[in-house]
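What follows is the residue order along each chain.
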Amino acid sequence: MAQNYYQKDVETMPREEMKKLQSEKLVKQVKHVYENVAYYRDLMDKKGVKPEDIKGIDDLHKLPFLSKADLRDAYPYGLLGKPLDECVRIHSTSGTTGKRVVAFYTQHDVDLWEDCCARAIVAAGGSNKDVCQVAYGYGLFTGGAGLHGGSHKVGCLTLPMSSGNTERQIQFMMDLNASIICCTPSYAAYIGESLKEQGYKPEDIPLKAGIFGAEPWTEEMRQNIQNTLGIKAYDIYGLTETSGPGVAFECSEQTGMHVNEDHFIAEIIDPDTGEVLPDGTKGELVFTALDKEAFPLLRYRTRDICVLSREKCSCGRTLVKMAKPMGRTDDMLIIRGVNVFPSQIETVLLNQGYQPNYQIVVDRVNNTDTFDVNVEMAPEQFTDIVSEILAREKALAEAMKVMLGINPSVHLVAPKTIARSEGKAVRVVDKRKLI
Ligand code: DLL
């Protein structure tokens, strides 16, 4: 397959050259941060590190980490690297946990961020011949603005739909021949479901590709979306703290996301000790932003659990690849002493022919954890025969037991009874107040 790049020189840059570029940028960025961000200067001083100690990326490990707690401490202006009159934009995290993060951007920051999103769109086959439907939320959330900007840069005809109003999404998609859609994977699955209900077959749908991210999704979910919409589904990763989507993006190989290493250095660390782990080892993902001016985070701990790989990619990009995040250091549920990731439940459901419409409800009764999984039946799976429902619930619970090591109570519920999400799906309701 012919490969398309948005910025070929950096996307295919030889490793040694990339290391040199990163080193040069890091030295400059550390100086910028030390001189302009008092909060981080204090952290460096406490660790006894001076900007002169950082001579290149081999010295990166000497720098202190920055965490979400620091962002909270410094809220809202404490990490600003530029005066407010040089900033042109604010975005904020939808916050998977805790208090919102507020991020600032100069025009230069917006520009580079949009380049990163443009790389993702081009890698998914996008060009100025495409109509790109942006169905991530617009507003404080970074999804809409990021992909919108990227779509403009590529020259796509941009449909700024924002999320929600599924009927209108479908009408515009069909009438205006949208060929690329950008939204959360759960919303893509929902749009697919709605199209199917309206009698559309994959071959009737003009889409050819989707760029999905902002929440965990499994390979099974990818297959599911690809089949219902008749598209190639590409993953995209990012977080508000690092500008938004586009820190990493998938190419035609669909085996992990290339990190835009000219702008971000990725590290994997042991979340308990902070020790840097070698490529191929699972740990917490840490990013250093090399070019960000207004909100220039160094060694930011994402809490995402991930693996990096430097295996050669058939797309020709030399950028390191990150696997799909495998959970978070903080979203992992511990139920009756067992670690449970929502993605494991999703894998079981999709393997057993269910849609990924489910909700995990955890509670504590008489000092014992309860663990319920409500699973929606698709219309064609629906039955009201009690013995049939009980047998299916039992089969699902057994499959989850094999995957997790503990037994949930599975409840099959009628089609369309679990609230749909236009943004990130609420997969877990944890009623145990453990903290
Ligand atoms: O979710 C930015 C984004 C928008 C990414 C659109 C991709 C597409 P936040 O709201 O700050 O930013 O949430 C960031 O979401 O630390 C991950 O835990 C999770 N996340 C983001 N992308 C993915 C992905 C946006 N592709 C947090 N797979 C991150 C799994 C993801 N998790």
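Look a little higher up for the structure.
Residues numbered from 1 in each chain as written. Predicted model: local features only at pLDDT ≥ 70, side-chain atom pairs only at ≥ 80, totals over all residues. Heavy atoms only, no water.

**Student:** I'd like a rundown of the sheet that holds strand β11 (residues 283-289), residues and numbers included.
**Tutor:** What the three strands build is an open sheet, ordered β10-β11-β12; its pairing is antiparallel. Each edge of the open sheet is held by one strand with a lone partner, namely β10 (264-269) and β12 (300-306). The average undirected angle you get between the axes of adjacent strands in this sheet is 30°. Pairing between β10 and β11: six bridges, direction antiparallel. (Pairing = 2+ DSSP bridges. Helix = DSSP H or I, 4+ residues; strand = E, 2+ residues; numbered from the N terminus. Axes fitted to C-alpha atoms, helices over the stretch in contact; angles between N-to-C directions.)

**Student:** Give me the lowdown on the packing of helix α7 (residues 166-175) against helix α8 (residues 185-197), citing residues and values where you can.
**Tutor:** Their axes nearest at 10 Å, the elements α7 and α8 cross at an angle of 75°. Of the possible angle classes, the one that applies to α7 and α8 is roughly perpendicular. Of the residues in α8, those in contact with Thr166, Gln169, Ile170, Met173 and Met174 of α7 are Tyr187, Tyr190, Ile191, Ser194 and Leu195. Looking at side-chain class alone, the contact of α7 with α8 contains seven nonpolar, three polar and no charged residues. (Parallel < 35°, antiparallel > 145°, perpendicular 65-115°, else oblique. Contact = heavy atoms within 4.5 Å. Nonpolar A, V, L, I, M, F, W, Y, C, P; charged D, E, K, R; others polar.)

**Student:** Explain the site of the ligand to me, using residue names and the numbers behind them.
**Tutor:** Around the ligand, a shell composed of 22 residues is seen, among which Asp235, Ile236, Thr240, Asp304 and Arg328 lie nearest. Taking glutamate 215, its main chain carries an N or O atom lying 3.3 Å from a nitrogen atom of the ligand. Between aspartate 304 and the ligand, the recorded distance is 2.6 Å, taken from a side-chain N or O atom to an oxygen atom. Protein coverage of the free-state accessible area of the ligand, which is 610 Å², stands at 97%. Where the shell around the ligand is concerned, the elements lending two or more residues are α6 (142-154) and β7 (232-239). Residues belonging to the shell around the ligand are distributed by class as follows: nine nonpolar, seven polar and six charged. (Near = heavy atom within 4 Å. Polar contact = N/O pair within 3.5 Å; in protein donor to acceptor, adjacent residues only side chain to side chain. Areas by Shrake-Rupley, 256 points an atom, 1.4 Å probe, with all protein chains shown as cover.)

**Student:** I'd like a description of the state of the cysteines, backed by residues and values.
**Tutor:** Going through the model one piece at a time under the given rule, you end up with zero disulfides. No disulfide involves cysteine 132; its nearest neighbouring cysteine sulfur is the one of cysteine 182, lying 3.7 Å away. Assessed through its relative accessible area of 0%, cysteine 132 is described here as buried. (Disulfide = S-S within 2.5 Å. Buried < 20%, exposed > 50% of the residue type's maximum accessible area, 1.4 Å probe, protein only.)

**Student:** Outline helix α10 (residues 342-351), listing residues and values.
**Tutor:** Given 3.6 residues per turn, any residue in an α-helix points the same way as the ones three and four places further on. Burial analysis of α10 places eight of its 10 residues in the buried class, which makes it a mostly covered element. Turning to α10, its buried residues number three or more, namely Pro342, Gln344, Ile345, Glu346, Thr347, Val348, Leu349 and Leu350. Within two residues after α10, glycine 353 carries a phi angle of roughly 85°, on the positive side.

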